[in-house]
Amino acid sequence: MSLIVDQRKQFVTDQNRTQASQNLRTGMDLVGTDVKLAGERLEEDFEQPAVVLIDESHSNNTSDADELVVQRKLIPEKLGVCADVAAGASSITVSIASGSDLCTFSSNETPTADEYTDLLNIFRDYRCEEDGTAGCARTTAPGAGNCDDECTWAYIYNPNTNSGEFFQYAFEDVDSTDPELNRIYLGGSSTLASNYPAADNPEIYLLEEREYRLNGEVLELVINRQNSEPLRLINEVQDFEVTVQASGASNSSFNPDGVPTTALNWRDIEHIEVELKTNNPATSDLIELSEDKRTLSSKFFPRNIISK
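Residues numbered from 1 in each chain as written. Predicted model: local features only at pLDDT ≥ 70, side-chain atom pairs only at ≥ 80, totals over all residues. Heavy atoms only, no water.

## Regarding the overall build of the chain
Short version of the rule: Strands here mean DSSP runs of E at least two residues long; helices mean DSSP runs of H or I at least four residues long; both are numbered from the N terminus. Contact criterion: two residues are considered in contact whenever any of their non-hydrogen atoms come within 4.5 Å of each other. Per-residue accessibility takes into account occlusion by the displayed protein chains alone, with areas from the Shrake-Rupley method and a 1.4 Å probe.
The helix and strand tally for the chain stands at two helices and 15 strands. When contacts within the chain are restricted to residue pairs at least 6 apart in sequence, those whose partners lie at least 24 apart make up 64%. When the accessible surface of the chain is split by element, carbon and sulfur atoms take 46% of a total near 15,100 Å².

Spelled out as structure tokens, the structure:
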């Protein structure tokens, strides 16, 4: 009889170990893929942190363990904000006849046939291909409060305040009385929470931000700060710990306020170490796994650093 009990314990132990290992590996692969892509196309945009690590004890932390945020741009180009934008605005002016730099109607080229700036055409092409089909299927803005597969997330950033926010970019149009005045329009439920004075030279990126956090025993992924719509990745997680090795020092926090500093520059990162730990399995069979059998640790390198 004792032999049967021992065999059952061994079977359950092996089964629990396999399940724990698969659970950890799934979570680690997801985190690792995003860490490797961190900083893509941000090599010249020194205003964005690319990597943010918020230690569990930091006042900015709202989860049950460390929080890791990674950013990348989806296209290299950016748009200027060429007229004051008030909180709650539904459109943003991105070129004007008297503009300079990013607000110039066209950069060293003749105006495009559709009267969009060269930069806006690049943004438009990306937006329209979000539905998986080349070209724009929709020729007007979606109805108020709506968005479809040709909407995409964009990020407006104020370098004067080191702050910004995401919004759904739904459409672009030319002013009927001034063909050199281009605007983009917000879609869905997006509204801007802050003012963006043109004098502060705000910019617009097609930026992707992915935040990993622990909520109870669930490792979650929040995309573009949509905190009410987290993706639940793996459960039965006891701990999520991250350290950033940069310039020879190990950091338990890295730009936790989301503002890059000279001392904590993502281009100086040597590796990011991630540790995931699962809970002990159910103990109805008096089976427990030792901590080392429930823990997986990996080191990842943001490969875009080599482009610095």
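## Here's the deal with the environment of Q48
Worth spelling out the cut-off: We call a residue buried when its accessible area falls under 20% of the maximum for its residue type, exposed when it is over 50%, and partly exposed in between, using a 1.4 Å probe and counting protein chains only.
Within the element layout of this structure, Q48 appears in the loop between α1 (2–37) and β1 (51–54). With relative accessibility at 2%, the residue Q48 sits in the buried group. Placed 159 residues apart in sequence, Q48 and L207 show a C-alpha to C-alpha distance of 10.0 Å.

## Some points on the pairing of strand β12 (residues 237–246)
Along any regular strand the residues' side chains alternate between the sheet's two faces. Convention followed: Any two strands with at least two DSSP-identified bridges between them are counted as paired.
Burial analysis of β12 places seven of its ten residues in the buried class, the great majority of the element. For β12 and strand β13 (residues 249–251), the ladder comprises three bridges, and the chain directions are antiparallel. Bridge pairing in β13 links A246 to A249. The turn joining β12 and β13, which pair antiparallel and follow one another in sequence, is formed by two residues; a positive phi near 50° is taken by S247.

## With respect to empty space enclosed by the protein
Under the convention used in this document: Cavities and pockets are found on a 1 Å grid laid over the protein atoms alone: a cavity is a set of points where a 1.4 Å probe fits but cannot escape, a pocket is an open set with protein on both sides within 12 Å along at least five of seven lines, and a lining residue has an atom within 4 Å of such a point. Grid points are joined across faces, edges and corners, and a volume is the space filled by probe spheres set on the points.
In the structure shown here, the tally under the stated rule is one cavity of 30 Å³ or more. Looking at the largest cavity, its volume works out to about 40 Å³. If you list the elements that add at least two residues to the lining of the largest cavity, you get α1, β2 (67–73) and β9 (207–215). No other element matches the three residues that β2 contributes to the lining of the largest cavity.

## So, the sheet that holds strand β15 (residues 295–300)
Our working definition: Orientation is described by lines fitted to C-alpha atoms, with helices fitted over the stretch in contact, and by angles between N-to-C directions that extend from 0 to 180 degrees.
Spatially, β13-β12-β14-β15 is the arrangement adopted by the four strands of the open sheet, whose pairing is antiparallel. Edge positions in the open sheet fall to β13 and β15, since each of these has one partner strand only. On average, each strand axis in the sheet is tilted by 20° relative to the strand beside it, whichever way the strands run. Taken together, the nine bridges between β12 and strand β14 (residues 269–278) define a ladder with antiparallel strand orientation. Paired with E241 across the bridge in β14 is E275.

## A word on the state of the cysteines
Here is the rule: A pair of cysteine sulfur atoms is labelled a disulfide when the two atoms are within 2.5 Å.
If you walk through the whole model with that rule in mind, you get three disulfides. The disulfide partner of C128 is C136, and the S-S distance across this bridge is 1.8 Å. Across the S-S bond linking C128 and C136, the dihedral sits near 85°, which makes this disulfide right-handed. When its relative accessible area of 24% is taken as the criterion, C136 is described as partly exposed. One disulfide in the model links C147 with C151; its S-S distance is 2.1 Å. On the sign convention where negative is left-handed, the bridge of C147 and C151, at about -100° about the S-S bond, is left-handed. Since its relative accessible area comes to 29%, C147 is described here as partly exposed. The disulfide pattern of the chain is 1-2, 3-4, 5-6 when the bonded cysteines are numbered in sequence order.

## A closer look at the layout of surface pockets
Taken as a whole, the largest pocket spans an internal volume of roughly 420 Å³. Lining the largest pocket are 25 residues; nearest its centre among them are V69, E209, R225, D257 and G258. Within the residue set of the lining of the largest pocket, elements represented by two or more residues are β1, β2, β5 (152–158), β6 (163–174) and β9.

## Here we look at the pattern of salt bridges
Between side chains of opposite charge, pairing is possible as soon as their charged atoms come close. Rule in force here: By definition, a salt bridge exists where a carboxyl oxygen of Asp or Glu is found within 4 Å of a side-chain nitrogen of Lys or Arg.
Tallied over the full model, the rule gives 13 salt bridges. Notably, a salt bridge pairs E172 with R124, separated by 3.5 Å at the nearest N-O pair. Taken together, the positions of E172 in strand β6 and R124 in helix α2 (residues 118–128) put the pair 48 residues apart, joining distant regions of the chain. Taking the shortest distance from any N to any O, the salt bridge between R183 and D175 comes out at 3.0 Å. By relative accessible area, which is 23% here, R183 ends up partly exposed. A relative accessible area of 17% means that D175 is categorised as buried. Connected through shared salt-bridge partners, D34, E40, R41, R72, E208 and R210 make up one network.

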